[in-house]
Amino acid sequence: MTAGDGTPTDNGATADPGEAPEPAATPPSATPPGDGTPADAETAKPLTDPPTASTPADSEQAPAPGDPAKAHATVDPERAHAPADSARASTPADPGQAHAPAAPKKAPAPADPEQAPAPADRDKPPAPADLTKPPVRADEPERSATSSHPYAHSDAASKPPERPKEPGGGILMGRPFGVPVYVAPSWFLVAALITWVFGGQLDRVLPELGALRYLVALFFAVAFYGSVLVHELAHTIAALRYKLPVRRIQLQFFGGVSEIEKESETPGREFVLAFVGPLLSLILAGVFYVALLAVEPGTVPGVLLAGLMISNLIVAAFNLLPGLPLDGGRMLRAVVWKITGKPMSGTIAAAWVGRALAVSVLIGLPLLTQSGLLGSAAEDSVGMDTVLDALLAAILAAIIWTGAGNSLRMARLREHLPELQARALTRRAVPVETDTPLSEALRRANEAGARALVVVDPDGEPLSLVREAAIVGVPEHRRPWVAVSGLAQDLTDGMRVSAELAGEELLDTLRAAPATEYLVVEDSGEIYGVLSAADVERAFVKAMARPS
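Each value, and the rule that gives it
Residues numbered from 1 in each chain as written. Predicted model: local features only at pLDDT ≥ 70, side-chain atom pairs only at ≥ 80, totals over all residues. Heavy atoms only, no water. Buried < 20%, exposed > 50% of the residue type's maximum accessible area, 1.4 Å probe, protein only. Helix = DSSP H or I, 4+ residues; strand = E, 2+ residues; numbered from the N terminus. Phe/Tyr/Trp six-rings, centres within 6.5 Å; stacked < 30°, edge-to-face > 60°. Contact = heavy atoms within 4.5 Å. Pairing = 2+ DSSP bridges. Axes fitted to C-alpha atoms, helices over the stretch in contact; angles between N-to-C directions. pLDDT = per-residue confidence, 0-100. Expected span 1.5 Å × (residues − 1). Arc of directions from axis to C-beta.

Another point: helix α10 (residues 438–448). Those residues of α10 that sit buried are Leu438, Glu440, Ala441, Leu442, Arg444, Ala445 and Ala448. One or two residues past the end of α10 sits Gly449, with phi positive at roughly 70°.

In structure tokens form, the structure reads like this:
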């Protein structure tokens, strides 16, 4: 079954590509990102204001962007797709900002009558940084007159930071084609269930096996999930062929999930990517059928091959049903996308068909069992068997319904991601030298209408960023005796980001180097401003709240 990205895909699997920057603060009443107007143009809050509470996303909100990862999942009537966890993306929000104005001459710090603030003071939650005066618009001359010193390593902004360690997801079994394959702990539960059920069937077909029937049944369970792995590898190979990164393959309770981090660029590729999984299951069923012809019926190999043939046929048929998050749903999405030219239209159509399919499974599967159409006599389908059938139908229906909903949310997420632009969300910043008193630095920021402080050396090269949380932790009466260098976080390559970053590329960059603030620079290396992770969070929540 195919579910959607996270780098994340329609099923909400997302992989979960690295941890996003920590969310914070409520969405400001700013203009939508990307319009060129500074987000703090309407209201300017002083740097020392207490922090505001973060606003939770609505119930239909997609998982925080992080890595939206597209997941292809294989499901059959005895297993269903469990949506992979989506990558969270922290998001900051204050459109339009400016370069840091040229640093005035540093003011000497008066003698410190008290000790420097305790370290605990510096770890208090951040406050929304802003000043008593609204900032100057981005198109005003002040911006061009600000600091033009390029930072020492100007190529760091274009150099992508290293990705964090892969998140895992169970026991690592190997890396075919460079993609890690994990077996989730829940697989052992389903393996035990298959062993028990299939072992009971072997007792009727091959009673002479005795207790050995459970060893044969365990072998069947492992071989069956080997077939599921082949199904998922088909999705993975197709994705790699189209240069789509695959985060991992996970075998879990109700099947397998291939977490593909990028969306297909064309409906044709989407169709092929979804179809290859069921196609491989059909091919495996044919291989087992041919092998079955070469063995004697009524033997252990014959029973195993027959079981594997039937199970692969069921996997292929179930995944071809035309509703998300199944592979057939992604194929339907590709067809509607091709006809309408709109991927969102295809997602909506396939997701609602998936929800209808979930209702059909919930009602239809127990009725089919009761009618005897699935191979057992109606009089045998009573008592515990009826309860188990109803429970299985409810679990399958819930997973399909949830996967369809996640597909809609992830599609909505991808639709709004381009609205997140580093240039629009960056805060105006002022450069200050290391020994500048905090009170003097805040005064300069207020005068310039800036909302961030960048610590620079005498040549104007940026060294560190003053943390909002640290500013809040310093009482006002002690700020004249506290140097900004003691409240700053040293810059790393991952904390220097290009002003041209936007959408998923911006989120991937922030996720690769989690921090509360980032230095935003032009391609030339000129300082543009400071990007706050809290601002990205608010901008994303605000964008997701708007209808598609």
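After that view, the rundown keeps rolling.
Another aspect to go through is the packing of aromatic side chains. Across all of its chains, the model carries 6 aromatic pairs by this definition. Ring geometry for Trp187 against Phe188: centres 5.1 Å apart, planes inclined by 80°, an arrangement best described as edge-to-face. Classification of Phe188 as partly exposed rests on a relative accessible area of 45%. Judged by centre distance (5.8 Å) and plane angle (90°), the ring pair of Trp187 and Tyr225 falls under edge-to-face. Of the two residues, Trp187 is situated in helix α2 (residues 186–205) and Tyr225 in helix α3 (residues 212–241); the sequence distance between them amounts to 38 residues.

Following the sequence through the fold, Gly503 ends up in helix α12 (residues 503–512). Sequence-wise, Gly503 and Gln421 are 82 residues apart; in three dimensions their C-alpha atoms are separated by 6.4 Å. Gly503 has contacts with Leu417, Pro418 and Leu420, leaving out every residue within four places of it along the chain.

Before going further, it helps to spend a moment on the sheet that holds strand β9 (residues 488–490). Spatially, 4 strands are ordered β6-β7-β8-β9 in an open sheet, and the strand pairing comes out mixed. With one partner strand each, in any of the chains shown, β6 (429–433) and β9 form the two edges of the open sheet. Going across the sheet, the axis of each strand differs from the next one's by a mean of 35°, ignoring polarity. As defined by bridge partners, β6 adjoins strand β7 (residues 452–456) across 5 bridges and the pair is classed as parallel. Bridge pairing in β7 places Val430 opposite Leu453. The strands that α10 touches are β6 and β7; relative to β6, the one it contacts most, it runs at about 150°.

What follows concerns the sheet that holds strand β12 (residues 527–532). Strand order in the open sheet made by the 3 strands is β10-β11-β12, with mixed pairing throughout. Edge positions in the sheet fall to β10 (496–498) and β12, since each has one partner strand and no second. Each adjacent strand pair in this sheet contributes to an overall mean axis angle of 35°, direction not counted.

Another point: the pairing of strand β4 (residues 246–252). With 7 of its 7 residues buried, β4 lies for the most part within the structure. Summarising the sheet, β4 and strand β5 (residues 255–260) pair through 6 bridges and their orientation is antiparallel. Among the inter-strand pairings, Ile249 is bridged to a residue of β5, identified as Ser258. Linkage of β4 to β5, two consecutive antiparallel strands, is achieved through a turn of 2 residues.

What follows deals with the confidence of the model for the protein. In low-pLDDT regions, the fine details of the predicted coordinates are not to be read closely. For the protein, the mean per-residue pLDDT works out to 73, and 66% of the residues sit at or above 70. Taken together, the stretch residues 2–44 has pLDDT below 50 and engages in 241 contacts with residues farther than four places along the chain or on a different chain. The model gives residues 48–164 a pLDDT under 50, and that stretch makes 495 contacts with residues more than four places away or in other chains.

Glancing now at α2. Think of an α-helix as 3.6 residues a turn; residues three or four steps apart then line up on the same face. Counted at 1.5 Å a residue, the expected span for α2 with its 20 residues is 28 Å, and the 29 Å between its end C-alpha atoms agrees. Of all the positions in α2, only Trp187, Val190, Ala191, Ile194, Thr195, Phe198, Gly199 and Leu202 are classed as buried. Down the axis of α2, the buried set is contained in an arc of 170°. They therefore lie on one face. More than 90 degrees from the buried face of α2, the exposed residues found are Leu189, Trp196 and Arg204. Residues of α2 that are buried sit in contact with β3 (181–183), α3, β4 and α5 (300–319).

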